[in-house]
Amino acid sequence: MEKNTHSTRRAAVVTGAASGIGAAIADRLAGQGRNLVLTGRDAGRLQATAARLRGTHGVTVLSFPLDLSQAGAPSRLVQWLAQEAVEVDVLVNNAGASLRAPVADGNASQVRALVDLNASAVAELTALLLPEMVARRDGAVVNIASTGAYAPAAYLAAYAASKAFVLSFTQAVWAETRGTGVRVVAVSPGPTRTPMNPGPRRGKRSPESVADTVVSALRRSSPAVVDGRMNALQTFVFGRLLPAWTTARISERALRPSAAGGDRRRSAART
Ligand SMILES: NC(=O)c1ccc[n+]([C@@H]2O[C@H](COP(=O)([O-])OP(=O)(O)OC[C@H]3O[C@@H](n4cnc5c(N)ncnc54)[C@H](OP(=O)(O)O)[C@@H]3O)[C@@H](O)[C@H]2O)c1
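Owing to the predicted nature of the structure, the values given are computational and were not obtained by experimental measurement.

Student: Can you walk me through the side chain of Ser-146 in this structure?
Tutor: Considering the arrangement of structural elements, one finds Ser-146 in the loop between β6 (139-144) and α5 (157-177). When its relative accessible area of 7% is taken as the criterion, Ser-146 is described as buried. There is a polar contact of 2.9 Å between the side chain of Ser-146 and the backbone nitrogen of Gly-148. Ser-146 has contacts with Tyr-159, Lys-163, Val-187, Ser-188 and Pro-189, leaving out every residue within four places of it along the chain.

Student: Just checking my understanding: could you explain the site of the ligand for this structure?
Tutor: With respect to spatial proximity, 31 residues lie near the ligand, and among them Arg-41, Asp-67, Asn-94, Tyr-159 and Thr-194 are the closest. Here Arg-45 contributes a side-chain N or O atom positioned 3.1 Å from an oxygen atom of the ligand. Contact distances for the ligand include 2.7 Å between an oxygen atom and a backbone N or O atom of Asn-94. Relative to its unbound accessible area of 880 Å², the ligand is 97% covered by the protein chains. At the level of secondary structure, the elements contributing two or more residues to the shell around the ligand comprise α1 (20-31) and α5. Taken together, the residues of the shell around the ligand break down into 13 nonpolar, 12 polar and 6 charged.

Student: Whenever I open this one, helix α6 (residues 207-219) confuses me. Can you help?
Tutor: An ideal rise of 1.5 Å per residue puts 18 Å on 13 residues; α6 measures up with 19 Å between its terminal C-alpha atoms. Every buried residue belonging to α6 is among Pro-207, Ser-209, Val-210, Ala-211, Thr-213, Val-214, Val-215, Ala-217 and Leu-218, and all of these are buried. Against α1, β6, β7 (182-188) and β8 (224-226) lie the buried residues of α6.

Student: Which parts of the structure should I look at to understand the packing of aromatic side chains?
Tutor: Within a pair of aromatic rings, the relevant descriptors are the distance that separates the centres and the angle that separates the planes. Counted under the stated rule, the structure contains 2 aromatic pairs. Their ring planes at 20 degrees and their centres at 4.6 Å tell us that Phe-64 and Trp-80 sit as a pair that is stacked. Here Trp-80 lies in helix α3 (residues 73-83) and Phe-64 lies in strand β3 (residues 61-65), a separation of 16 residues in the sequence. Of the two residues, Phe-64 and Trp-80, neither departs from the other in class, the shared state being buried. Each ring, one from Phe-165 and one from Phe-169, has its centre 5.8 Å from the other, and the planes form 5 degrees; the classification is stacked. Note that Phe-165 and Phe-169 are positioned in helix α5 at a spacing of 4 residues, about one turn of the helix.

Student: When you look at the nonpolar core in this model, what are you seeing that I'm missing?
Tutor: Soluble globular proteins tend to bury their nonpolar side chains together. Counting 30 residues, the largest nonpolar core has Ile-25, Leu-29, Leu-36, Leu-38, Val-92 and Val-142 as the members making the most contacts within it. Those elements giving two or more residues to this core turn out to be β1 (10-15), α1, β2 (36-40), α2 (43-57), β4 (87-93), β6, β7 and α6. At 6 residues, the largest contribution of residues to this core is made by α1. Apart from residues lying up to four places away in sequence, Val-92 is in contact with Val-13, Val-14, Thr-15, Ile-25, Leu-29, Val-142 and Ile-144. Grouped together as the second largest cluster of nonpolar side chains are 27 residues, Leu-62, Leu-66, Leu-91 and Ala-97 included.

Student: For this particular structure, what's the right way to read the packing of α1 against α2?
Tutor: Between two packed helices, the angle of one axis relative to the other and the distance separating the axes together describe the packing. Close contact between α1 and α2 brings their axes to 10 Å; oriented N to C, the two are set at 30 degrees. Taken together, the axes of α1 and α2 lie roughly parallel to each other. Relative to α2, α1 is oriented so that their crossing is right-handed. Residues Ala-23, Ala-26, Asp-27, Ala-30 and Gly-31 of α1 lie in contact with α2, whose contacting residues are Arg-52, Leu-53 and His-57. Looking at the contact of α1 with α2, its residues break down into 4 nonpolar, 2 polar and 2 charged.

Basis of the calculations
- Residue numbering note: each chain is counted from 1, following its sequence as written.
- Restriction of local features to residues with pLDDT of at least 70 applies here, the model being predicted, together with a cutoff of 80 or more for giving and counting side-chain atom pairs; totals for whole chains, interfaces and linings are based on all residues.
- Note: side-chain values were computed over all heavy atoms of the structure, leaving out hydrogens and water.
- Each helix corresponds to a stretch of at least 4 residues labelled H or I by DSSP, and each strand to a stretch of at least 2 residues labelled E; elements are numbered beginning at the N terminus.
- Only protein chains enter the area calculation, which uses a 1.4 Å probe; residues under 20% of their type maximum are buried, those over 50% are exposed, and those in between are partly exposed.
- Distance and chemistry together define a polar contact, namely a pair of N or O atoms within 3.5 Å, with one atom able to donate a hydrogen and the other to accept it when in protein, and with adjacent residues in sequence counting only for side-chain atoms on both sides.
- Note on contacts: a residue pair is in contact if any heavy atoms of the two residues lie within 4.5 Å.
- Being near a molecule or strand, for a residue, comes down to having at least one heavy atom within 4 Å of it.
- Reported accessibility uses the Shrake-Rupley method at a 1.4 Å probe radius. Residues are deemed covered only where the shown protein chains occlude them.
- Side-chain classes are defined by residue name, with Ala, Val, Leu, Ile, Met, Phe, Trp, Tyr, Cys and Pro counting as nonpolar, Asp, Glu, Lys and Arg as charged, and the others, Gly among them, as polar.
- Each helix should span, by expectation, one fewer than its residue count multiplied by 1.5 Å.
- Pairs were defined over the aromatic rings of Phe, Tyr and Trp, the Trp ring being its six-membered one, requiring ring centres within 6.5 Å. Orientation was assigned from the angle between planes: stacked under 30 degrees, edge-to-face over 60, tilted for the rest.
- The criterion is simple. A nonpolar core is a set of buried Ala, Val, Leu, Ile, Met, Phe, Trp, Tyr and Cys residues joined through side-chain atoms within 4.5 Å.
- Fitting a line to C-alpha atoms yields each axis, with helices limited to the stretch in contact; the angle taken between N-to-C directions then spans 0 to 180 degrees.
- Every angle not falling under 35 degrees, over 145, or within 65 to 115 is termed oblique; those three ranges are roughly parallel, roughly antiparallel and roughly perpendicular.
- Left-handed describes a crossing in which the near helix is turned anticlockwise from the far one by less than a right angle; the clockwise case is right-handed.

Dropping the structure here:
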């Protein structure tokens, strides 16, 4: 845990804030003058990000390293926030991991960790922090889903299913909290240039564009926002026009590991 000497009251909590989309969102929120609490597993990277944001924006930035795929981690974070007298005005559930592999490869523990991080921790943190926001009639929850949330994806089965959970959960909570003064929204990026999605830049958007979409989504009232027009079109076609079994089969052909390479089994895994 790392803290600076300023006393903090209200702050935005960003999970997975030391890289990629989370770092870009943290930068945008700090640019609005918000104090921040950053989380992730790598304490050094969190401290470096916190120092950079303090230097650039002059806001108070605390960091709390933890592995959100571990049981009890969301409660530990919320207890620590209470100890630090932090009132959370924005919660950004951004931390996530991907696993690209046929389910028949096994990887059961990685599948479990992915679901715990991408789905369970998002729901648990929302449930832990929402009551206070509703009681105050003020606050926002942004859950980062994915265009993969809108249709099944072969070889990304657990990832896409975990994001479908995030999207459905967030839309339902949006409906429950209408009129409470609390903004709840799922933001779905498509392919974005981050450490989770390395390789050719072509067709990918920047983490900063996703962060801009998050900022504008906070001002709107819809339950779900897709980053980028082409991504929105894609979610409409694959998520609304075509039946799920068709998109599952299309994705199986598009994402099938090449028979030639060692890619045949597990091509990329990150939990
Ligand atoms: N990049 C894309 O193409 C894309 C597309 C759609 C949706 N998304 C979503 O966008 C979000 C951010 O991903 P990104 O692309 O920006 O990738 P990223 O740079 O790898 O960011 C993921 C962040 O999550 C943190 N994290 C990973 N596992 C964790 C764990 N077990 N406990 C706590 N924190 C953990 C990582 O920090 P540590 O390693 O320090 O823990 C990292 O800062 C994810 O939810 C992802 O699913 C990304």
